[in-house]
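Each chain is listed here by its residues.
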Amino acid sequence: MFVLSFLLRRLLQGALIILLVTFIIFTLLRVVPGDPARLIVGGMAPDEVVVMKAKELGLDRPIPVQFVSYLGDLVTGDLGTSFVRPKSGASLGGSSFDDATREERAKVLDLILATLPMTLQLAAVALALALLVAVPLGTLGGLYPGRWPDKLALAIGSICVSTPNFWLGIVLTLFLSVKLKLLPAIGYRGFSYTILPAIVLAVEIVPFILRTLTVSVAQVMREDFIQLAPIRGLSRSRTIFSHALGNSAIPLINLLGVQLGMLLGGVLVIEFIFDYPGLGLLTINAVLQRDFPLIQGIAIFISVMFVMINVLVDLIAMTIDPRLEY
Amino acid sequence: MAGPILAVSNLSVDLEREGRSRRVVDDVSFALAPGEVLGLVGEAGSGKSVLARALVCAVSTPLEITAGKVVFEGKDILSLPPRALSAIRGNRIGFIGANPMGSLDPRLPIGQQIVEKLRCVRPGIGRAEARDKVLDLLARVRIPSPGARFHEAPFQFSGGMMQRVMIVDALVSDPSLVIADNITQPLDVTVAAQIIRLIDGLRQSLDTAFLFISSSLPVVAQIAERTLVMQRGRIVEEGCTAELAARPRQSYTRALISRIPSIWKDVTAPAAQEGEAVLTVDNVMRSYLVRRRGSFNAYNEVKAVRDVSFTVKAGENFGIVGESGCGKSTLTRLLAWLEQPDGGRIAFLGKDLSHLSARSLTEMRRSFQLLLQDPYGSLPSGMPLQRMIEEPLLIHGIGRAEAGKRAQEAMAEVGLDMELADRLPVGLSAGQRQRINIARALVLKPRLLILDETLSALDQVEQAELLDLFNRLQATHGFSYVFISHDLALVRRMCHRIAVMYLGRIVELADNSTLFEQPHHPYTRALLSAMPTLEDNRFPRPRYLLDGEPPSPIDLPLGCSFRSRCPRAQGDCAKTDPPLLALAGGNYAACLHRHAAPHEEEAVHVE
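Residues numbered from 1 in each chain as written. Chains lettered and ligands numbered in written order. Predicted model: local features only at pLDDT ≥ 70, side-chain atom pairs only at ≥ 80, totals over all residues. Heavy atoms only, no water.

Trainee: What's the story with the overall build of chain A in this structure? I'm lost.
Mentor: The helix and strand inventory of chain A stands at 13 helices and two strands. By its C-alpha atoms, chain A is 85 × 60 × 30 Å across when sized along the principal axes. Here the contacts in chain A between residues at least 6 apart in sequence split such that 72% fall between residues at least 24 apart. Within the structure as shown, chain A displays about 16,500 Å² of accessible surface, and the carbon and sulfur contribution to it stands at 71%. (Helix = DSSP H or I, 4+ residues; strand = E, 2+ residues; numbered from the N terminus. Contact = heavy atoms within 4.5 Å. Areas by Shrake-Rupley, 256 points an atom, 1.4 Å probe, with all protein chains shown as cover.)

In structure tokens form, the structure reads like this:
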């Protein structure tokens with residue numbers, strides 16, 4: 001009952017946020033210069049063809065009407081069709097409106113869903129790597145403030161945070177793939193292609209986790225109930241594992257929610273450097289090709305993901321600490 | 001059983017800081033017999049809590065045990081290996097601290113945590129057996145519906161209930177010694193009195209020895225047979241508690257006792273005065289909507305202040321007392337016009353504050369100033385003192401030169417050294433900080449000061465100095481004061497008239513001598529009976545002390561809201577909510593079966 005009412009309230013709030021985001025993106029794309037009908041039929045098409053296309057797509061109607069009909073499609077899961085991408089996947093070459101190579105164009109949702117697993121895989125591997133390194137180190141740092149684990153955590157955090165990701169990507173490619181030939185770097189033809197970009201991403205996330213965890217563990221260790229635990233007769237390991245860690249997890253979980261949202265939003269630079277066919281690369285190409293329906297679709301899709309992740313994070317935080325109520 | 005259960009000899013603890021060491025516990029020796037309750041009193045900073053921790057070998061850097069022995073049941077705790085120590089700590093010796101709300105993991109059910117502890121110190125006990133034992137003890141410390149409370153987390157408990165839970169936590173392993181370190185300090189008087197009564201009952205049935213530590217001799221005197229007095233780390237006096245209280249041998253003990261404010265013996269109550277009304281409060285109401293936990297859109301109405309009326313006259317000290325949750329703080333916020341009442345009106349110097357324009361309200365605010373409890377949080381830490389005191393003047397549009405002059409006058413008046421003018425407040429004592437707050441209010445030449453627990457963070461000496469300052473300021477400027485406090489002794493000393501609040505209502509409003517000597521409302525009597533005193537309490541506990549805790553302000557009992565705890569409640573109390581009735585001598589009480597005034601009582605005897 002408690003969870004149900006929570007979900008209901010949060011999902012309603014989320015729907016409102018998504019509606020707002022949709023409206024903003026939709027309006028922005030309508031007010032920028034450039035006629036989508038002209039873009040679709042190509043520069044060489046006669047004006048009548050442009051008008052016909054506009055009528056066919058409903059682009060001659062007032063913008064609010066267009067927005068409402070777009071929303072109607074959105075609810076049924078129809079994010080529209082790409083301006084430039086055909087179903088086969090190849091980009092359009094010819095600019096003539098009656099070019100035979102212009103086949104049926106691809107659905108935006110299909111394009112997103114095709115790349116999403118790739119991005120999910122990259123995000124999951126990156127997050128797992130980061131947690132693997134940062135959680136033990138961050139916890140130790142918090143348990144021994146001012147001593148060597150704390151200093152080590154600080155040092156590693158500083159180094160990671162000050163390494164530019166594009167530089168690290170290139171250097172790692174140079175050493176691990178080109179010189180040592182350990183890992184493949186460019187494109188995607190199997191799981192091993194995920195590892196290099198994931199390492200670069202993990203290096204980016206590690207300092208945040210380290211910092212958050214060190215601070216929250218150190219803070220919890222100063223609490224009365226931890227200080228009293230040995231006097232009550234609890235052993236140190238029990239105090240740490242069943243009380244200290246649980247209480248310091250909340251800030252970490254909130255942080256992971258934000259980080260995961262960013263990762264799923266597509267890590268533009270990294271996917272571009274490694275030519276990794278995820279959501280990020282799709283976004284960059286959509287922007288370069290002015291594929292408005294695709295840009296719009298990706299933006300809305302990402303905002304939905306953000307909302308869902310946040311609801312999930314709050315739900316997990318609430319399970320860990322029943323005092324929290326969102 | 002012969003021989004002491006705990007024998008401490010020549011125990012010393014040092015505090016090492018920046019290469020210098022200071023002795024915190026100095027050559028302490030004492031013994032504790034099985035089943036005995038030994039009191040330990042001393043002021044804040046005398047080393048009581050450090051001693052308590054040293055007894056269970058739980059001091060950590062910068063503190064260090066430098067000498068001595070703590071022999072418990074024949075073994076020296078200080079020289080035991082960690083494994084043997086863990087068989088004693090939490091098992092044979094229980095420990096209860098001063099912060100019940102922070103003593104357990106705030107996320108987890110209390111029952112689960114006590115079971116965890118019990119099975120940690122007694123690995124032989126099964127889960128089900130441990131659970132039964134905890135449930136049994138929860139019932140014995142009189143926690144209502146222990147079966148349900150077992151599964152609740154600390155944040156769902158009140159301070160008093162949580163302290164009962166910590167008593168269960170300490171007693172669950174059948175220890176032979178319990179160290180109780182200042183356990184009543186954070187609790188309201190009636191709740192603290194209940195806890196003491198509870199421990200007194202438990203120890204008779206359990207045969208457990210207690211080391212009962214407190215900064216208040218009257219508190220210790222309620223329970224301990226023998227008492228140690230500690231000063232600057234040393235035990236300066238030891239003896240039978242009653243003997244020690246009546247005939248102290250050491251000057252320090254005498255000083256300690258002389259500082260305990262007297263409530264009935266040789267007290268002259270400040271007499272009520274006449275004067276024009278400064279502050280008029282008429283039927284003021286304030287409630288809050290709080291979303292019900294786990295609901296989509298349901299709200300609870302918390303009635304924080306209900307139908308409160310009173311007047312404060314010029315030059316008068318008006319006291320408002322009550323326990324936590326009675327609506328004092330909300331009322332303070334209303335009086336200072338930080339929040340507006342939902343109903344009723346508050347008038348200052350005859351002008352209804354809700355009818356004033358924003359501008360004249362700001363102007364009016366100069367005349368009533370609020371002084372807060374926390375001397376640290378209420379001052380901006382990065383501002384020089386004089387600038388701080390000038391600030392209210394600058395806000396009210398007074399020129400810089402004039403403001404500076406007035407700020408310096410105010411500093412002199414409250415007794416702040418001129419050398420401090422350009423200093424930041426870092427390193428100032430709590431008392432000095434409150435002087436700054438007083439000066440900040442004083443520069444505006446107010447008519448009324450609202451003191452919300454302003455003195456409760458200060459020690460006895462600082463408190464006495466500031467009370468003198470308040471009296472002096474009243475004599476020169478004709479201030480009125482509203483004292484909002486839980487400290488009955490302070491109110492007894494300072495206030496002309498006093499209102500007692502319970503669950504958002506004033507249940508009794510009377511002049512000082514009536515309220516303390518012949519109160520009409522059973523709740524007032526309960527409050528007075530719960531006060532720890534060395535003198536004979538006029539209202540003996542067995543007859544007046546309450547059980548249980550106030551009901552939640554979300555669902556108040558029908559009829560009289562005090563009915564659920566009232567020893568005099570009768571059938572009609574459930575039907576009628578008694579209004580605040582005017583009695584002889586300008587006093588008021590809200591009770592259908594109030595205690596009679598003295599002359600009425602005599603009349604009954606004659607019949």
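The rest of the description comes next.
Trainee: Looking at this structure, how should I read the sheet that holds strand β11 (residues 277-291) of chain B?
Mentor: Residues and elements named next belong to chain B. The strand order β12-β11-β14-β15 describes an open sheet built from four strands, whose pairing is antiparallel. For this open sheet the edge positions go to β12 (299-313) and β15 (351-352), each flanked by a neighbour on one side alone. Sheet topology places β11 next to β12; eleven bridges connect them, and they run antiparallel. When the bridges of β12 are listed, T280 appears paired with T311. Its contacts with the sheet place helix α11 (residues 328-335) against β11, β12 and β14 (343-348), and it is angled at close to 60 degrees to β12. (Pairing = 2+ DSSP bridges. Axes fitted to C-alpha atoms, helices over the stretch in contact; angles between N-to-C directions.)

Trainee: Would you take a moment to explain the packing of helix α7 (residues 189-206) of chain B against helix α19 (residues 522-530) of chain B for this structure?
Mentor: Packed helix pairs are specified by the crossing angle of their axes together with the interaxial distance, meaning the distance between the axes. All names here are of chain B. Where α7 meets α19, the closest approach of the two axes is 8 Å, and the angle between their N-to-C directions is 55 degrees. Looking at the two axes, α7 sits oblique to α19. Note that α7 runs across α19; the crossing there is left-handed. Contact residues: V189, T190 and A193 in α7; A526, L527 and A530 in α19. By residue class, the composition of the contact of α7 with α19 is five nonpolar, one polar and no charged. (Parallel < 35°, antiparallel > 145°, perpendicular 65-115°, else oblique. Left-handed = near helix turned anticlockwise from the far one by under 90°. Nonpolar A, V, L, I, M, F, W, Y, C, P; charged D, E, K, R; others polar.)

Trainee: What is the right way to read the nonpolar core from this model?
Mentor: Grouped burial of nonpolar side chains is what soluble globular proteins tend to show. By size, the foremost hydrophobic cluster in this structure holds 76 residues, and its most contacted members are I112 and I209 of chain A. Of the residues forming this core, the biggest block, 14 residues, is contributed by helix α5 (residues 108-143) of chain A. In this view, I209 of chain A contacts A130, L131, A134, L252, L255 and L256 of chain A; residues no more than four positions away in its chain are not counted. Of all hydrophobic cores here, the second largest spans 66 residues; its members include L442, L490, V491 and C573 of chain B. (Core = buried A, V, L, I, M, F, W, Y, C linked by side-chain atoms within 4.5 Å. Buried < 20%, exposed > 50% of the residue type's maximum accessible area, 1.4 Å probe, protein only.)

Trainee: Sorry, what's going on with helix α9 (residues 224-232) of chain A here?
Mentor: Owing to its 3.6 residues per turn, the α-helix aligns residues three or four sequence positions apart on the same side. What α9 of chain A keeps buried is the set F225, I226, L228, A229, I231 and R232 of chain A. Residues of α9 of chain A that are buried in the fold lie against α8 (192-221) and α10 (236-264) of chain A together with α1 (48-55), β6 (93-96), α3 (110-121) and α6 (159-171) of chain B. Looking one or two places after α9 of chain A, you find G233 of chain A, whose phi comes out positive at around 105 degrees.

Trainee: Could you clarify how one ought to interpret the sheet that holds strand β10 (residues 234-240) of chain B in this entry?
Mentor: Each strand in a sheet pairs with its neighbour through backbone hydrogen bonds, running either in the same direction (parallel) or in the opposite one (antiparallel). All names here are of chain B. Read across the open sheet, the six strands follow the order β6-β7-β8-β3-β9-β10; overall the sheet is mixed. Either end of the sheet is taken by a strand with one partner, and the two such strands are β6 and β10. Adjacent strand axes in the sheet meet at a mean angle of 15 degrees when their direction is disregarded. Summarising the sheet, strand β3 (residues 37-41) and strand β9 (residues 226-231) pair through four bridges and their orientation is parallel. From the neighbouring strand, V41 faces β9, where its bridge partner is V229. Across the sheet, α6 is in contact with β6 and β7 (177-181); its angle to β6 comes to roughly 165 degrees.

Trainee: Where do I start with unusual backbone geometry in this structure?
Mentor: Keep in mind that most residues, glycine aside, have a negative phi and that most peptide bonds are trans. Despite not being glycine, D275 of chain A has its phi angle at roughly 50 degrees, a positive value. Mapped onto the elements of the fold, D275 of chain A is located in the loop between α11 (268-273) and α12 (279-288). A relative accessible area of 39% means that D275 of chain A is categorised as partly exposed. Unlike most non-glycine residues, R232 of chain B shows phi in positive territory, near 45 degrees. Relative to the helices and strands, R232 of chain B resides in the loop between β9 and β10. Note on R232 of chain B: relative accessible area 68%, which makes it exposed.

Trainee: I keep staring at the UniProt feature "transmembrane region" (unreviewed entry) in chain A and nothing clicks. Help me out?
Mentor: Residues and elements named next belong to chain A. The UniProt entry lists residues 12-32, 111-135, 155-178, 190-210, 252-274 and 294-320 under the feature "transmembrane region" (unreviewed entry), expressed in the numbering used here. Each end of residues 12-32 is marked by a C-alpha atom, and these two atoms are 31 Å apart; helix forms 95% of the span and strand 0%. End C-alpha to end C-alpha, residues 190-210 measures 31 Å, and it is 90% helix and 0% strand. (UniProt positions renumbered as here; feature names shortened; annotations may be inferred.)

Trainee: Hey, could you run me through the pattern of salt bridges in this one?
Mentor: Think of it this way: side chains of opposite charge can pair up when their charged atoms draw near. Residue and element names in this part refer to chain B. Under the counting rule described, the total for this entry stands at 31 salt bridges over all chains. With its nearest N and O atoms 2.6 Å apart, the salt bridge here joins R149 to E152. The partner of R505 in a salt bridge is D577, and the shortest N-O contact between them spans 2.9 Å. Linking R505 in strand β20 (residues 505-511) with D577 in the loop between α20 (541-544) and β21 (581-582), this pair joins segments that are 72 residues apart in sequence. Judged by its relative accessible area of 34%, D577 is partly exposed. (Salt bridge = Lys/Arg side-chain N within 4 Å of Asp/Glu carboxyl O.)

Trainee: Would you take a moment to explain the interface of chain A and chain B for this structure?
Mentor: How big an interface is tends to be stated in terms of the accessible area lost upon association of its parts. Contacts between the two partners involve 26 residues from chain A, matched on the other side by 28 residues from chain B. A buried area of about 2,600 Å², summed over both sides, lies between chain A and chain B, and 55% of it is on carbon and sulfur atoms. If you sort the residues of chain A by the area they bury against chain B, I231, R232 and R323 of chain A come out on top, with a joint share of 29%. Counting every contact that joins chain A to chain B gives two salt bridges. Linking E116 of chain B and R238 of chain A is a salt bridge whose minimum nitrogen-to-oxygen distance equals 2.7 Å. The interface formed by chain A and chain B contains 14 residue pairs in polar contact (both at pLDDT 80 or more). Elements that contribute at least two residues to the side of chain A that touches chain B include exactly α1 (2-31), α9 and α10 of chain A. No other element matches α9 of chain A, which puts six residues into the side of chain A that touches chain B. (Buried area = accessible area lost by both parts, 1.4 Å probe. Polar contact = N/O pair within 3.5 Å; in protein donor to acceptor, adjacent residues only side chain to side chain.)

Trainee: Please clarify how the UniProt feature "domain: ABC transporter" (unreviewed entry) in chain B should be interpreted in this entry.
Mentor: Under the feature "domain: ABC transporter" (unreviewed entry), the UniProt entry names residues 6-257 and 279-528 of chain B. Between the C-alpha atoms that bound residues 6-257 of chain B the distance is 28 Å, and the span itself is 37% helix and 28% strand.

Trainee: Is there a simple way to explain the layout of surface pockets in this structure?
Mentor: Any empty space left between atoms is shown by rolling a water-sized probe over those atoms. The calculated volume of the second largest pocket comes to roughly 850 Å³. Taken together, 28 residues form the lining of the second largest pocket, with M221, I226, Q227, P230 and R236 of chain A sitting closest to its centre. Elements supplying a minimum of two residues to the lining of the second largest pocket: α5, α8, α9 and α10 of chain A together with α2 (82-88) and α3 of chain B. Across the lining of the second largest pocket, the residue classes tally to 16 nonpolar, eight polar and four charged. (1 Å grid on protein atoms, 1.4 Å probe; cavity = no way out; pocket = protein on both sides within 12 Å on 5 of 7 lines; lining within 4 Å. Points joined across faces, edges and corners; volume = space filled by probe spheres on them.)

Trainee: Just checking my understanding: could you explain the confidence of the model for chain B for this structure?
Mentor: Fine structural detail should not be taken from predicted coordinates in areas where pLDDT scores are low. Chain-level statistics for chain B give a pLDDT mean of 88 and a share of 97% at 70 or above. Our summary of model confidence lists the complex with pTM equal to 0.83 and ipTM equal to 0.78. (pLDDT = per-residue confidence, 0-100.)

Trainee: Hey, could you run me through the environment of A124 of chain A in this one?
Mentor: Mapping A124 of chain A onto the fold places it in helix α5. With 102 residues separating them in the primary sequence, A124 of chain A and I226 of chain A have C-alpha atoms 33 Å apart.

Trainee: Just to check I follow, could you spell out the pairing of strand β18 (residues 480-485) of chain B for this structure?
Mentor: Along any regular strand the residues' side chains alternate between the sheet's two faces. Residue and element names in this part refer to chain B. With six of its six residues buried, β18 lies for the most part within the structure. What you see with β18 is no split at all: S480, V482 and I484 on one side and Y481, F483 and S485 on the other are buried throughout. Judged from the five bridges that link them, strand β13 (residues 317-321) and β18 form a sheet pairing that is parallel. Looking at the pairing, I320 lines up with I484 of β18. In this fold, strand β17 (residues 448-452) hands off to helix α16 (residues 460-477), which returns the chain to β18; that crossover is right-handed. (Right-handed = clockwise from strand over helix to strand, strands pointing away.)

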